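Residues per chain are reported as follows:
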Amino acid sequence: KEEGKITLTFNVDHGYLEGLVRGMKAGILTSTDYHNLAQCDTLEDMKLHLQSTDYGKLLSSSEEDLTVSLVDSKLRANLVTEFSCLRSNALPPLSTFLDYITYSYMIDNVVMLITGALKQRDVAELLPRCHPLGAFDQMAAVGIARTPTELYSAILVDTPLAPFFQDAVSESNLDEMEAEILRNKLYKAYIESFHSFCKNIGGVTADIMCPVLEFEADRRTFIITVNSFGTELSGADKSALYPSCGKLYPEGLRLLAKAEDHEQVKAVANCYPEYKLIFDDPEPGADFKTLEDRFFEQEVKLNMLAFLQQFHFGVFYSYVKLKEQESRNIVWIAECVTQRQKSKIHNYIPIFPGTH
Amino acid sequence: MLLECMMNGHAILYTGVTLAFWSTILIVGICYTIFDLGFRFDVAWFLTETSPFMWASLGIGLAISLSVVGAAWGIYITGSSIIGGGVKAPRIKTKNLVSIIFCEAVAIYGIIMAIVISNMAESFKGNTPETIGARNYQAGYSMFGAGLTVGFSNLFCGICVGIVGSGAALADAQNASLFVKILIVEIFGSAIGLFGVIVAILQTSKVKMGD
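- In the nomenclature of an unreviewed UniProt entry, chain B corresponds to V-type proton ATPase 21 kDa proteolipid subunit c'' from the organism Sparus aurata.
- Of the comments in the UniProt record for chain B, the one headed Sequence similarities (unreviewed entry) reads "Belongs to the V-ATPase proteolipid subunit family."

- Looking up chain A in an unreviewed UniProt entry gives the name V-type proton ATPase subunit, with the organism given as Sparus aurata.

Structure follows, in structure tokens:
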């Protein structure tokens, strides 16, 4: 009944934006575009090919030298423009939903500023490297904090990240390790909050978003576990960082906290059919893919499902994530082109492979 | 306290109102039964004392208003999708106005039926159930029924065409060959409004008000 009511009244507030985001999704590069880009020999050729896509004159309008990092920053600026267009026209609860998407970038920005300050980098040098989607006031002041408590009470208490500080407040001094732990704790609180928000909206939004967020949570869990081999992070510490809104909760999390090497992690993953595929050894003859690549592939697969249904918010989240993946693909191809390493150029992840 | 823990403000309000409503009905019913006042709940008195004109007017009002609600609902659902999809794919703008026309047709059915029904209302001289006569009562009820029929069928037809039209606009923006296929679905949806009009005409065909 809830779903029926949402279907009937969704377009009052969000119909225009859904149509707009679906139009933007139609501009995502197809396999033909990737094929053309892979054939290029220089970045100038790539620029020419990108002119015929939805990107248009994006790369042509600058006078600076065309480098891979310029391409990356221009693509990111393009996504930020599109997102701002959506966010500025959004009404609640879509506005809250879009804000949730930006919080993960805010967390990354905060941790980057802290680690940059630890390395005695100048704030003015770090600010341009922050992700624009995660910008907030007082970003420049983040580097002053010495402990997470100070960070919270002095700077972040007025920002949207304040509710995520429940478990992250501690008195230990912020060093590299602590910054990473802070990042994971904030992210855990954030993703659990986002998951329950989507669940409360219910209907198709929950059907599409909850699996995506559960996958995201489990992916973080696996990455934390794999990265913690060899560090002095204990099982209890690791458990405090694992998000509990994923499919691994509670049994998988318990087992992973005790895992000591890659084999044990693989054994845990084998209990879950989706993750078994990711951790499986590739078939002989197939390209070797890193764990990260396989996670990206699975993420793309889940995000593509959002566009099969109408009248839900999942399309907005999926559009942002797929556009990011497209940027990563283009940058990968650009790197291969500039370094003349065409052997691995086809290791990008295709998005919407069936369209032409 | 348990209730407060479970629900938020809106849910408490709705549960409270529903509970109050049903308990009033229950208590009033029980009181009437206990005090042997059941005779006061007299359906026949209600039906014969109300004028057939009330039923006729209700029918006319429902015919046009529910049809307009259905048409408006359908138009805004389709219209917002056309506007959104038309930003990146401007070619869909003109073709998808057909969906809006299908929704509008629903409102036109409503107004035609309202005019047809209202033309059947004539004055009569009786003022007691015997002098009013069975034919006038039948006329009143038929007009009310016809209005209800055409109103509700147009309401749901409009919503249906609207949702399908929204899907047609967004699909057309992605792939131009899909529009005609989805239009066929819309035509079937539009037919159900027509069914309502036909049945309503049949309901009012025997109506003859007057002396």
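Additional details are given in the paragraphs that follow.
1. Some points on the UniProt feature "transmembrane region" (unreviewed entry) in chain B
Residues and elements named next belong to chain B.
Argument step 1. Under the UniProt annotation, "transmembrane region" (unreviewed entry) lies at residues 12-35, 55-76, 97-121, 141-171 and 178-202.
Argument step 2. With 100% helix and 0% strand, residues 55-76 has its two end C-alpha atoms placed 31 Å apart.
Argument step 3. Within the segment residues 178-202, helix and strand shares are 100% and 0% respectively, and the terminal C-alpha atoms sit 38 Å apart.

2. Observations regarding the interface of chain A and chain B
Argument step 1. The interface of chain A with chain B comprises 18 residues on the first partner and 16 residues on the second.
Argument step 2. Here chain A meets chain B over a buried area of about 1,400 Å², counting both sides, of which 64% is carbon and sulfur.
Argument step 3. Across the chain A-chain B interface, the total number found is 0 salt bridges.
Argument step 4. Between the two partners, chain A and chain B, sit 9 residue pairs in polar contact (both at pLDDT 80 or more).
Argument step 5. Counted by class, the side of chain A that touches chain B contains 7 nonpolar, 7 polar and 4 charged residues.

3. Description of the UniProt feature "domain: V-ATPase proteolipid subunit C-like" (unreviewed entry) in chain B
Argument step 1. The sites that carry the UniProt feature "domain: V-ATPase proteolipid subunit C-like" (unreviewed entry) are, in the present numbering, residues 58-117 and 144-202 of chain B.
Argument step 2. What you have in residues 58-117 of chain B is 93% helix and 0% strand, and the ends, taken at the C-alpha atoms, are 11 Å apart.

4. Comments concerning the packing of helix 2 (residues 31-38) of chain A against helix 15 (residues 314-338) of chain A
Think of two packed helices as two axes; the pair is described by the angle between the axes and how far apart they sit.
All names here are of chain A.
Argument step 1. Put simply, helix 2 and helix 15 touch, their axes get as near as 10 Å, and they point 20 degrees apart. In terms of orientation, helix 2 and helix 15 fall into the roughly parallel class. Note on packing geometry: the crossing formed by helix 2 with helix 15 is right-handed. On helix 15, the residues touching Tyr34, Leu37 and Ala38 of helix 2 are Glu326, Asn329, Ile333 and Val337.
Argument step 2. Of the residues contributing to the contact of helix 2 with helix 15, the split by class is 5 nonpolar, 1 polar and 1 charged.

5. What to know about the side chain of Lys321 of chain A
Residue and element names in this part refer to chain A.
Argument step 1. Within the element layout of this structure, Lys321 appears in helix 15.
Argument step 2. Lacking a salt bridge, the buried Lys321 has Glu324 as its closest oppositely charged neighbour, with an N-O distance of 4.1 Å.
Argument step 3. The residues touching Lys321, leaving out its near neighbours within four places in the chain, are Tyr105, Glu299 and Asn303.

6. Some points on the domain arrangement of chain B
Argument step 1. Segmentation of chain B into domains returns domain 1 (9-40) and domain 2 (43-205).
Argument step 2. Placing the centre of domain 1 of chain B and that of domain 2 of chain B at their C-alpha centroids yields a distance of 34 Å.

7. What to know about the pattern of salt bridges
Residues and elements named next belong to chain B.
Argument step 1. Counted according to the given criterion, the structure contains 17 salt bridges over all chains.
Argument step 2. In this structure, the salt-bridge partner of Asp172 is Lys95, at a minimum N-O distance of 4.0 Å. Taken together, the residues Asp172 in helix 8 (residues 134-174) and Lys95 in helix 5 (residues 92-95) connect sequence positions 77 residues apart.
Argument step 3. Take Asp172: its relative accessible area is 0%, and that puts it in the buried class.
Argument step 4. The partly exposed category is assigned to Lys95, whose relative accessible area is 37%.
Argument step 5. Note that Lys125 is salt-bridged to Asp211, the shortest N-O span being 3.7 Å.

8. Notes on a nonpolar patch on the surface
All names here are of chain B.
Argument step 1. A contiguous nonpolar patch, built from Phe41, Val43, Trp45, Phe46, Leu47, Met54, Leu58 and Tyr141 and spanning about 790 Å² of accessible area, is present on the exposed surface.
Argument step 2. Where the nonpolar patch is concerned, the elements lending two or more residues are helix 3 (43-49) and helix 4 (52-88).
Argument step 3. When you line up the elements, Phe46 lands in helix 3.
Argument step 4. Look at Phe46 and you get partly exposed, because its relative accessible area is 38%.

9. Overview of the packing of aromatic side chains
Residue and element names in this part refer to chain A.
Argument step 1. One pass over the structure, following the stated rule, counts 31 aromatic pairs over all chains.
Argument step 2. Centre to centre, the rings of Tyr103 and Tyr190 are 6.5 Å apart; their planes meet at 75 degrees, and the pair counts as edge-to-face. Placement of Tyr103 in helix 5 (residues 94-118) and of Tyr190 in helix 8 (residues 176-201) is noted, with a sequence separation of 87 residues between them. There is no split in this pair, since Tyr103 and Tyr190 are both buried.
Argument step 3. Taking 6.0 Å as the distance between ring centres and 70 degrees as the angle between the ring planes, the aromatic pair formed by Phe194 and Tyr317 counts as edge-to-face. Placement of Phe194 in helix 8 and of Tyr317 in helix 15 is noted, with a sequence separation of 123 residues between them.
Argument step 4. Taking the relative accessible area as the measure of exposure, Phe194 reaches 0% and is therefore buried.
Argument step 5. By relative accessible area, Tyr317 is classed as buried at 3%.
Argument step 6. One aromatic cluster is present, built from ring pairs that chain together Phe10, Phe97, Tyr100, Tyr103, Phe164, Tyr187, Tyr190, Phe194, Phe197, Phe311, Phe313 and Tyr317.
Argument step 7. The ring of Phe307 has Lys25 sitting right over it, with the charged end atom 5.4 Å from the ring centre.

10. Regarding the side chain of Glu216 of chain A
Residues and elements named next belong to chain A.
Argument step 1. Counting through the fold element by element, Glu216 comes out in helix 9 (residues 203-227).
Argument step 2. Overall, Glu216 belongs to the buried group, its relative accessible area being 9%.
Argument step 3. With sequence-adjacent residues up to four places away left out, Glu216 is seen in contact with Tyr187, Ile191 and Glu299.

11. Observations regarding unusual backbone geometry
Residue and element names in this part refer to chain A.
Argument step 1. A cis amide bond, omega 0 degrees, links Pro92 with the succeeding residue Pro93.
Argument step 2. Relative to the helices and strands, Pro93 is located in the loop between helix 4 (68-88) and helix 5.
Argument step 3. At the junction of Tyr249 and Pro250, the peptide bond is cis and its omega measures out at -5 degrees in the coordinates.
Argument step 4. Relative to the assigned elements, Pro250 resides in the loop between helix 10 (235-241) and helix 11 (251-258).

Procedures and definitions
- Residues numbered from 1 in each chain as written.
- Chains lettered and ligands numbered in written order.
- Predicted model: local features only at pLDDT ≥ 70, side-chain atom pairs only at ≥ 80, totals over all residues.
- Heavy atoms only, no water.
- UniProt positions renumbered as here; feature names shortened; annotations may be inferred.
- Helix = DSSP H or I, 4+ residues; strand = E, 2+ residues; numbered from the N terminus.
- Contact = heavy atoms within 4.5 Å.
- Buried area = accessible area lost by both parts, 1.4 Å probe.
- Salt bridge = Lys/Arg side-chain N within 4 Å of Asp/Glu carboxyl O.
- Polar contact = N/O pair within 3.5 Å; in protein donor to acceptor, adjacent residues only side chain to side chain.
- Nonpolar A, V, L, I, M, F, W, Y, C, P; charged D, E, K, R; others polar.
- Axes fitted to C-alpha atoms, helices over the stretch in contact; angles between N-to-C directions.
- Parallel < 35°, antiparallel > 145°, perpendicular 65-115°, else oblique.
- Left-handed = near helix turned anticlockwise from the far one by under 90°.
- Buried < 20%, exposed > 50% of the residue type's maximum accessible area, 1.4 Å probe, protein only.
- Lys, Arg positive; Asp, Glu negative; His and termini not counted.
- Domains from an automatic or database assignment.
- Patch = residues over 30% accessible without salt bridge, like charges linked within 9 Å, V, L, I, M, F, W, Y side chains within 5 Å.
- Areas by Shrake-Rupley, 256 points an atom, 1.4 Å probe, with all protein chains shown as cover.
- Phe/Tyr/Trp six-rings, centres within 6.5 Å; stacked < 30°, edge-to-face > 60°.
- Lys NZ or Arg CZ within 6 Å of the ring centre and 35° of its normal.

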